[in-house]
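One letter stands for each residue in the lines below.
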Amino acid sequence: MHFKQFLSSIGIGSLKVNTVVERPHLEEGETLNGTVYFTGGNSDQEIEFIELNVIKQIEDYREDSDFDVIENIVAKQSLEFIGSVKSKATVMHQFEIVPDERWILENPKGKLILRTIVHVNNGVDVHDEDEITYATTNSL
């Protein structure tokens, strides 16, 4: 039995955008599957598109005590929406992202992030994110 794990929630006024994945902890050969849910909203909140990015994030501590986070996008998907979410009904859009070798973390301080970015007309972009994992069968 698979339980969906909630990953991110974005609120823009009365509009709610939730990203849910089926399995946030992937094994080699599995695909990242999920659904973006839109609830509420009004005519002033027109979504241009939703962007889903899988990001390899590495924390880098330097000797001079500076702290850096290095991010590389390893997968990107855009979900297009025509018009705006105007009713109280929930609109669902499914997605599928196939992992590749860029998802493999060589650095023990690294992690994978699924970031949902909502691009709203008039230049307002809002995002939320959560961690996912990807394990390979090869042990080096």
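Presented here is an overview of the structure given in this document.

### Observations concerning the overall build of the protein
Then comes step 1: Looking only at helices and strands, the protein features zero helices and nine strands.
Then comes step 2: Listing each helix as α and each strand as β along the protein from the N terminus yields β-β-β-β-β-β-β-β-β.
Then comes step 3: Taking the contacts inside the protein whose residues are at least 6 apart along the sequence as the reference set, 62% of them involve residues at least 24 apart.
Then comes step 4: Of the accessible surface of the protein, which amounts to about 8400 Å², a share of 48% is contributed by carbon and sulfur atoms.

### Side note on the pattern of salt bridges
Then comes step 1: Counted by the stated rule, this structure contains six salt bridges.
Then comes step 2: Between Arg23 and Glu30 there is a salt bridge whose closest N-O contact spans 3.7 Å.
Then comes step 3: Linking Glu51 and Lys76 is a salt bridge whose minimum nitrogen-to-oxygen distance equals 3.7 Å. Of this pair, Glu51 sits in strand β5 (residues 47-61) while Lys76 sits in strand β6 (residues 67-80), placing them 25 residues apart in sequence.
Then comes step 4: Assessed through its relative accessible area of 11%, Glu51 is described here as buried.
Then comes step 5: Note on Lys76: relative accessible area 55%, which makes it exposed.
Then comes step 6: A single network of salt bridges, built from pairs that share partners, joins Glu71, Arg115 and Glu129.

### A look at the pairing of strand β9 (residues 124-135)
Then comes step 1: In the sheet, strand β3 (residues 25-27) pairs with β9 via three bridges, with the strands oriented parallel. Within β9, the position partnered with Glu27 by the bridge is Ala135.
Then comes step 2: One ladder, built from nine bridges, connects strand β8 (residues 110-120) with β9; its direction is antiparallel. Residue pairing in the sheet places Leu112 in a bridge with Ile132 of β9.

### Some remarks on the environment of Asp125
Then comes step 1: Along the chain, Asp125 falls in strand β9.
Then comes step 2: What makes Asp125 partly exposed here is its relative accessible area of 46%.
Then comes step 3: Distance from Asp125 to Ile12, taken between C-alpha atoms, is 9.8 Å for residues 113 residues apart in sequence.
Then comes step 4: Once residues lying within four places of it in the same chain are set aside, the contact partners of Asp125 are Ile117, Val118, His119 and Val120.
Then comes step 5: At a separation of 3.2 Å, a polar atom in the side chain of Asp125 contacts the side chain of His119.

### Side note on the packing of aromatic side chains
Then comes step 1: Across all of its chains, the model carries one aromatic pair by this definition.
Then comes step 2: Here the aromatic rings of Trp103 and Tyr134 are separated by 5.8 Å at their centres, their planes lie at 70°, and the arrangement is edge-to-face. Of this pair, Trp103 sits in the loop between β7 (90-97) and β8 while Tyr134 sits in strand β9, and the two are 31 residues apart along the sequence.
Then comes step 3: Residue classification places Tyr134 among the buried positions, given a relative accessible area of 15%.

So, how was this worked out
Residues numbered from 1 in each chain as written. Predicted model: local features only at pLDDT ≥ 70, side-chain atom pairs only at ≥ 80, totals over all residues. Heavy atoms only, no water. Helix = DSSP H or I, 4+ residues; strand = E, 2+ residues; numbered from the N terminus. Contact = heavy atoms within 4.5 Å. Areas by Shrake-Rupley, 256 points an atom, 1.4 Å probe, with all protein chains shown as cover. Salt bridge = Lys/Arg side-chain N within 4 Å of Asp/Glu carboxyl O. Buried < 20%, exposed > 50% of the residue type's maximum accessible area, 1.4 Å probe, protein only. Pairing = 2+ DSSP bridges. Polar contact = N/O pair within 3.5 Å; in protein donor to acceptor, adjacent residues only side chain to side chain. Phe/Tyr/Trp six-rings, centres within 6.5 Å; stacked < 30°, edge-to-face > 60°.

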